[in-house]
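Topology and contacts: notes
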Amino acid sequence: MRGERPGTISLAADDRARIPFAVIGVLLLMSSVMIAATLQTRGEPEIDRGTDRAIDRGEAYATSEIRQATVRATDEVVRSPVTSVDSDLEGVLEGDTAFEDQTRLTILAEATRALDGREQTVGQGRTVAVSMPEVDDWTDNDDLESALDSVTLEENDGIMDVTIRDVEFAVRDGDGDLETAVTRNVTVSVGTTMMELHDRVEEYETHLNKGMLESIEDREGYGYDLAKRMWPLTWGKAYYDRLLGDPADRAFENVTPNEHTEVMANDARLTAQQEVFGTQDDYGNRVMAGPFVCMAYDLSESALDLNYDFDDIAAQLHPDENVSSVDDLCADGVVSPDGELPDMPTIEEIISGLLGNIDKSGTIQGHPFADMAMYEMEAGLGQDTLEAEMREGLNETERFSEEYLEDYYDDDENERTDDTTIEDENDAISGVQDSLNDLRNDAVFDYDQTRNAINDVYTVNTIVGSISNPPSSDGLTSHPIPRLPDEYDASNHTEHNRNEHTFNTEVDARIDKVTADNGNSNLDRSLVEVDIEIEMRYLTYRYWNDTTTNSSFDVWESADRHTNYTASFELDGEFAPNLETDPSDVEHVLDSGGSPDPYVAAPNNWEGAADEVTKEFFGSNFGSHSSFEDWLEDRSRNIESTSDFRSAINYDDSFDEDIPLSPRNQDQLHNHIVWGDLMKVHNETVAEIEPVEAEITEMLTADESPMREINESVEEMESEFVTEHDDFDNGPDIATMEARQTYFNTIYKYVHELASEHEKVTTGGENLINDLLGGLLDSVNDIISGPMDLLDEMLGSGEEMLQDEGGSEIDTSDVLNDVHVDVDGSPTYHSSQAAVNQTEVPAVRAAGAGPLEINDDIDFAPMGTGYNNKVGQPGFPLVPWPPLFYLQVDAWEIELEGEYARFEVEATSGDPSVTESTTYIREDKDVVLGTPDGHGLELGSTDPISYENSQSVLVVVPAPQFLPQGAPGVGDNQLGGDAPGQLCSPLWGETGPEFSKEHTTPVKEDCP
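Structure report, in brief.

With respect to the overall build of the protein
The number of helices and strands found in the protein is 27 helices and 28 strands. Within the span of the protein, comprising 1008 residues, buried residues form 51% of the whole. Summarising the internal contacts of the protein: among those between residues at least 6 apart in sequence, 77% fall at separations of at least 24.

As for the sheet that holds strand E16 (residues 821-826)
Taken in spatial order, the three strands make up an open sheet running E16-E22-E23, and their pairing is antiparallel. Edge positions in the sheet fall to E16 and strand E23 (918-923), since each of these pairs with one other strand and no more. Pairwise comparison of adjacent strand axes, ignoring direction, gives a mean angle of 10° for this sheet. The pairing of strand E22 (residues 902-907) with E23 spans six bridges and is antiparallel. By the bridge assignment, Glu906 is partnered in E23 with Thr919.

What about the sheet that holds strand E24 (residues 925-930)?
An order of E1-E25-E24 is seen for the three strands of this open sheet, with the pairing classed as antiparallel. Edge positions in the sheet fall to strand E1 (84-85) and E24, since each has one partner strand and no second. Here two bridges tie E1 to strand E25 (residues 936-942), and the two strands are oriented antiparallel to one another. Its bridge partner being in E25, Val85 is matched across the sheet by Gly940. Packed on one face of the sheet, helix H3 (residues 98-115) meets E1, E24 and E25 and runs near 35° to E24.

Observations concerning helix H7 (residues 222-244)
Here H7 contains 23 residues, and its C-alpha end-to-end distance of 32 Å stays within 8% of the 33 Å for a straight helix at 1.5 Å per residue. The sharpest bend along H7 measures roughly 25° and falls at Lys228, with the proline Pro232 sitting one to four residues further on. Counting buried positions along H7 yields 22 of 23 residues, so the element is predominantly enclosed.

Observations regarding the state of the cysteines
Two cysteines form a disulfide when their sulfur atoms are joined by a covalent bond. For the coordinates displayed, the defined rule picks out one disulfide. The disulfide that involves Cys294 links it to Cys330, with 2.1 Å between the sulfurs. The chirality of the disulfide connecting Cys294 with Cys330 is left-handed, given an S-S dihedral of about -115°. Taken together, the residues span a long stretch of sequence, with Cys294 in helix H9 (residues 284-302) and Cys330 in helix H11 (residues 326-332) at a distance of 36 residues. Note on Cys294: relative accessible area 18%, which makes it buried. Since its relative accessible area comes to 33%, Cys330 is described here as partly exposed.

Examining unusual backbone geometry
Residues Ser826 and Pro827 are joined by a peptide bond in cis, for which omega reads -5°. As for its position among the elements, Pro827 is in the loop between E16 and strand E17 (836-837). With omega at 5°, the peptide bond leading from Gln873 into Pro874 counts as cis. Structurally, Pro874 is set in the loop between strand E19 (863-869) and strand E20 (876-877). Even without glycine at this site, Arg219 takes up a positive phi of about 60°. You can see Arg219 is positioned in the loop between helix H6 (212-218) and H7. Since its relative accessible area comes to 34%, Arg219 is described here as partly exposed. Of note in this structure, Ala576 is not a glycine but carries a positive phi near 50°. Turning to its location among the elements, Ala576 is positioned in the loop between strand E11 (555-575) and strand E12 (585-586). For Ala576, a relative accessible area of 5% puts it in the buried group.

Some details on the environment of Asp311
Its place among the elements puts Asp311 in helix H10 (residues 310-317). The class of Asp311 is partly exposed, set by a relative accessible area of 36%. A sequence separation of 13 residues divides Asp311 from Ser324, and the C-alpha atoms of the two residues are 6.7 Å apart. With residues up to four places along the chain from it excluded, the contact list for Asp311 reads Ser324, Ser325 and Val326.

Describing the pattern of salt bridges
Within this structure, the stated rule accounts for 28 salt bridges. Where Arg229 meets Asp267, a salt bridge forms, and the shortest distance between an N and an O atom there is 2.7 Å. With Arg229 in helix H7 and Asp267 in helix H8 (residues 258-277), this residue pair connects regions lying 38 residues apart in the sequence. On the basis of relative accessible area, Arg229 is assigned to the buried category, the value being 0%. Relative accessible area serves as the criterion here: at 15%, Asp267 is assigned to the buried category. Of the charged contacts in the structure, one is a salt bridge between Lys749 and Glu376, with a shortest N-O distance of 2.5 Å. Taken together, the residues Lys749 in helix H25 (residues 731-763) and Glu376 in helix H13 (residues 367-377) connect sequence positions 373 residues apart. Owing to a relative accessible area of 28%, Lys749 belongs among the partly exposed residues under this scheme. Take Glu376: its relative accessible area is 0%, and that puts it in the buried class.

Focus: the packing of aromatic side chains
Two measures describe an aromatic ring pair: the distance that separates the ring centres and the angle between the ring planes. A complete count under the given rule lists 27 aromatic pairs for this structure. The interplanar angle of 50° and the centroid separation of 6.4 Å between the aromatic rings of Tyr204 and Tyr900 together place this pair among those described as tilted. Of the two residues, Tyr204 sits in helix H5 (residues 194-208) while Tyr900 sits in the loop between strand E21 (887-899) and E22, which places them 696 residues apart along the sequence. The same class applies to Tyr204 as to Tyr900, namely buried. Arranged with centres 6.3 Å apart and planes meeting at 55°, the rings of Tyr308 and Phe310 form a pair that is tilted. Judged by relative accessible area, which is 6%, Phe310 ranks as buried.

Overview of the packing of H9 against H10
Axis angle and axis distance: for two packed helices, these are the angle between their axes and the distance between the axes, and together they describe the pair. The interhelical angle for the contact between H9 and H10, taken along N-to-C directions, is 170°, at an axis separation of 11 Å. By the criterion of interaxial angle, the relationship of H9 to H10 is roughly antiparallel. Here Ala289, Gly290, Val293, Ala296, Tyr297 and Ser300 of H9 lie close against H10, whose contacting residues are Phe310, Ile313 and Leu317. Residue composition of the contact of H9 with H10, grouped by class: seven nonpolar, two polar and no charged.

Here's the deal with a negative patch on the surface
A surface patch of negative charge is lined by Asp703, Glu704, Glu709, Glu712, Glu715, Glu716, Asp789 and Asp792. Counting only elements with at least two residues in the negative patch, the list comes to helix H24 (710-721) and helix H27 (781-803). The element best represented in the negative patch is H24, accounting for three residues. Mapping Glu704 onto the fold places it in the loop between helix H23 (696-701) and H24. Given the relative accessible area of 53%, Glu704 is considered exposed.

Considering the pairing of strand E3 (residues 126-131)
Across the six residues that make up E3, a large majority, five, are buried. As defined by bridge partners, strand E2 (residues 119-123) adjoins E3 across four bridges and the pair is classed as antiparallel. In the strand pairing of E3, Thr121 is matched with Thr127. Between E2 and E3, which pair antiparallel and follow one another directly, the connecting turn spans two residues, one of which, Gln124, has a positive phi of 55°.

Cut-off values and rules
- All residue numbers here refer to positions counted from 1 along the written sequence of the relevant chain.
- Per-residue local features of the predicted model are confined to residues with pLDDT of at least 70, and side-chain atom pairs are confined, for both listing and counting, to 80 or more; whole-chain, interface and lining totals are unaffected and use all residues.
- Derived side-chain values reflect all non-hydrogen atoms in the structure, with water molecules and hydrogen atoms excluded from consideration.
- Here a helix means four or more residues in a row that DSSP labels H or I, a strand means two or more in a row labelled E, and each is numbered from the N terminus.
- Each residue gets one of three labels from its accessible area relative to the maximum for its type: buried under 20%, exposed over 50%, partly exposed in between, using a 1.4 Å probe on protein chains only.
- Note on definitions: a residue-residue contact is assigned when non-hydrogen atoms from the two residues lie within 4.5 Å.
- When DSSP finds two or more bridges between a pair of strands, those strands are recorded as paired.
- Fitted lines through C-alpha atoms give the axes, limited to the stretch in contact for helices. The angle between two N-to-C directions lies from 0 to 180 degrees.
- Working rule for helices: expected span equals 1.5 Å times residues minus one.
- Consider a residue and the seven residues that end there alongside the seven that start there; fitting an axis to each set, the bend is the angle between those axes.
- Whenever a pair of cysteine sulfur atoms sits within 2.5 Å, that pair is classed as a disulfide.
- Throughout this description, the term salt bridge denotes a Lys or Arg side-chain nitrogen within 4 Å of a carboxyl oxygen of Asp or Glu.
- Between the rings of Phe, Tyr and Trp (Trp by its six-membered ring), a pair exists once the centres lie within 6.5 Å; its type follows the angle of the planes, with under 30 degrees stacked, over 60 edge-to-face, and the other angles tilted.
- Convention used here: angles under 35 degrees read as roughly parallel, angles over 145 as roughly antiparallel, angles from 65 to 115 as roughly perpendicular, and any remaining angle as oblique.
- Residue polarity is assigned by list, with Asp, Glu, Lys and Arg as charged and Ala, Val, Leu, Ile, Met, Phe, Trp, Tyr, Cys and Pro as nonpolar; anything else, Gly included, falls into the polar class.
- What makes a patch is a set of residues exposed beyond 30% relative accessible area and free of salt bridges, joined within 9 Å when like-charged and within 5 Å when nonpolar (Val, Leu, Ile, Met, Phe, Trp, Tyr).
- Only the protein chains shown count as cover for residues, and the accessible areas themselves come from Shrake-Rupley with a 1.4 Å probe.
- In this tally, Asp and Glu contribute negative charge and Lys and Arg positive charge; neither His nor the terminal groups of the chain are included.
- The atom standing in for a charge is NZ when the residue is Lys, CZ when it is Arg, CG when it is Asp and CD when it is Glu.

In C-alpha cells form, the structure reads like this:
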C-alpha cells in the first residue's frame, strides 16, 4: 500500500541531520559578501618614502651642477694651465701632474661654489641640502691635499669621468628637524678634448726642444725637421763653391748666415705643428712667403737656377704697397695679409736644387801604400831618398800630374797641404797627424823587412823526428839489497850500515850528420841520427852486528846489478819554415852553389846546418863518435833511472826550435835584393796600380774605407812579380822572392792600417770630429749613423721626404663629433732680426701680465740665432797627412732659441651639449684660482712655449788630390773675406718679453 509523503520537512524535526543544498548555497553567498565587505573597508598601510625621494632629487640636482661646474672648470683650466707650481703649493700640486691636480681642484671649487649650502624643497614641507667635502681653509696645504683626495679623474678617448666622493645630502621636515643625512660619491661624465689638447701642446714643446741626434734617430722632432733643411742648405752651398765656384770670387763667403737659418727654422717649426696637431697656423704660409722668397732669391743669385720672376712675385705679395722689386720686398719685409699667394719657389725645390751639387766622386791612388811598404824594406829609406829615386819617372807617366806629386810629396812651397795653423788649433788633428807620422817613422827607421826575409830564409826549424828506440832500460834501475847469510840468526843481528855505488861500465854511441844533399832537394829532411847505449853497474854493501854481544859489525854482504840504457832517434830540420812563398823544392840546400849573384863565390846556402842542430839540441857540437862518447861518459856516471838517462843525453821529445843560420855575406845579399830587385818592382807597381774611384759620401760614411779596394789592383801586380813555383835555385833565390812577397804583404798591411785610420775618423775610433764639434758627441758614429745617413737618404729622395711631413690627428671618442683643430701662435713668424710690440702682435705682454694689461712699450723678441764656423777656409784634411790628403772638412755649430708670446690650440668640438669651442692657451701669466670663500689662491704660472735647438753640420768636400777642379777648401772665408766665422743675430740672448730697446747686437764672444 502506498503512503503519503509530507510536502515539507522541519529542520528541527529532521532526526537525520540533513542540510539541504539550497541552504548551503545561501550560506556561502552570505559569507562571501561579508568577507568582501570586510576587505573593502581596510585602510592603506603606513609606508613613508619621502626621504628617499628627497635624497634622489638632491643627488640629481648635485649631478647636474657638478657636471656644469666641470665644464666651467675645464674651460678655465685650459685657458690658464699651470706649468710652474707656486712654491707655497709644492706638495699639493705635483710637477708631473700639475695640470690634472689643477683641474681637480678647480672642479671642486666650482662645484662647492655652486652647491655648498643650497637647499631644495621636495614636497610635504621637506628640504634637502647638499654639502661638498669640507675644505676648512683654502690656503692650508693639508686641507687642499684632502680636498684633492676627494676628487678623481679618469679620461679615455675624450670622455672624462669626474667623481667627487663623500657628498652629503641632509633631509629636513617641515619643522626643520633632520630626518636623515647620507653621503654618496657623485660621478659625472663630460666630453672634452682638454686632456688631448694639453698632451699635444706638451708634446709640441718637447718636439721643439728635441735635439738633432735624438730626433734623427727617432725620425721625429724639431732637430730632425731642421736637419732636413740645414744639412742640405749647408752642404749644397759648400759644394757649389768647391766644385763649381770661382776660387777668386766665392759665391758664399758666409755659408750659414743667420737670415737663412731663421727662414729654415720657421719653416721647420710650422712643420712641427703639422706633425703634432695635424694642422698649422692659418697664417703660416703667408708670413713665410716674404722671407722665403728673399732667401730663394739670394740663393738663385748665387748657386741655384730657379726659373722664377722674383720681382713679379714681390709685386703680387705687396699689391697695396709701394713695392716694385724683390729688393724692395726684402728691405721692407711686409706681406699683405689678404689675397691668394703667387706661384713661388717651394722648400722642396730649394733643397733638391742644393742637393744636386753634392754627389761627386774622386780618385784614390795606390802610391802612398806602396811607398809605406817600400820604407819598411830598407831601414832608413826615407821619403827624400825614395822621391829622388822615383819622382822623375812618375812625372813622365800619364797617371801623375806635377800638382798631384807636389801635394803627395808635400813640397814646402805648396800651400794646399799647409795645415800648421789648423794643427795648432785642434788637438785631435794633431793627434791623428802624430799617429800617421809615427806610422811612417816606424816604417822608415824601425823596420828592415828585407833583413827579416833573409833571416827567415836562413833558419832551420828542428824537432825530434823518427824515434826508433826512445830512452829506456833493459832491467831494474834500483840498487840490489844483499841478504843476511843463512848461517846467521836474523833475530840476533841488526843492520848496522849500507853503502850503494853507481858507475857506468861501458858507453857506446854514434852521431851521424847529414852534410850533403845527395840529390835531395826537399827542404824538410833528417839532419842528425843518434844511437846511444850505456851500461850501468849498481853495487850495494850491507853490514850487520850481533845484538847478543853488542860487538861491532862482524857480518857483511854485497850484491850488484847491470842495467843497459839505450836510445835511438833522429833530429829533423825544415829549412826556411813558415815563409809566405812556401818553397818545397830547392836545388842547392846543404850544398853550396847556385847563382853566384850577388857573391863572387857560390852561395853557401844552408851548409853546416847539422852542426848547428847538434849544438842546439845537445848544447855542444861533436866532430866524431868518440867525442860524442866522451861527452856522454862524463854525463852518465850517476844514472839511476830512465829520467836520469834522458837528462844525461839532453833528450827532449818536445824539442822544437828555430835555429838561425846565415848566408855567406848578409849585407851584400841585402843590398842586392833592395836596390837590384825590389826598387824595380816598386817603381813598376806604383806606376801600374789602378786607382780607385770613390764617392765623397762613401769616403765619409762607409763602414769600410774605399781605400781597401786598392787591394784588388795590388793583387794583380803581386801575381806578376811573385811566382809560385817549387824549383828554386838556392837560398838567395828564395830570399829574393820572399822579400817581394813581404813587400806586397806590407802594402796590404798599410792599406789596412791607413784605411783603419780613415775609418777611425769616420766611424768614431778617433776624437778628431768630436773635438772639432767641441765634445758634442759621444762618438763620431753619432754623426755618421745620424745626419750623414739622413743626408745620403735625402740625396735620393729629399723632395719626397719633405712632401711627406706632417699628418697627425686628434683621437676622441665616438660620443664627440669630429674634432677640428686650429693652431694660432703669436707671433706666427719668429724673427731673429727685429722685436715686435703689442701693436704688431696683440698677444705681447709683460712677463706674468694678464690679457687686459696693455703696455705699448713692451717689445718682444721671438727668436735668436747664432753660428760658429769651427775652422774656416780651407777647412782641414780629414786624414791630415799629405799622402792621404783626400778630403777637407769643416763644421758649423748652429744654435737657435725662441719663444711664443702666446700659443693657443682651439678644438671646435667638445661636450655635445656645449656649443663653445675648447681653447688651450700657453702664455706668460700667473694662475690664480678663485676659491668659494671669495679669495684668490695663487697656483703658479703658465709659462710660454719656448725652445732651444741646435745643428752640428759637418761638411766634407774633396781635396784637390781627390778631385782636381773648382776652388779647393771648405768653410767661411774668414781670412780672405768678410765672414766673421762666428756671429749671432741681434736678438740672441734676449728672447721673450723683456727685450730692451737699448739691446745691441751681441759681440762675437757672446755668440754660441
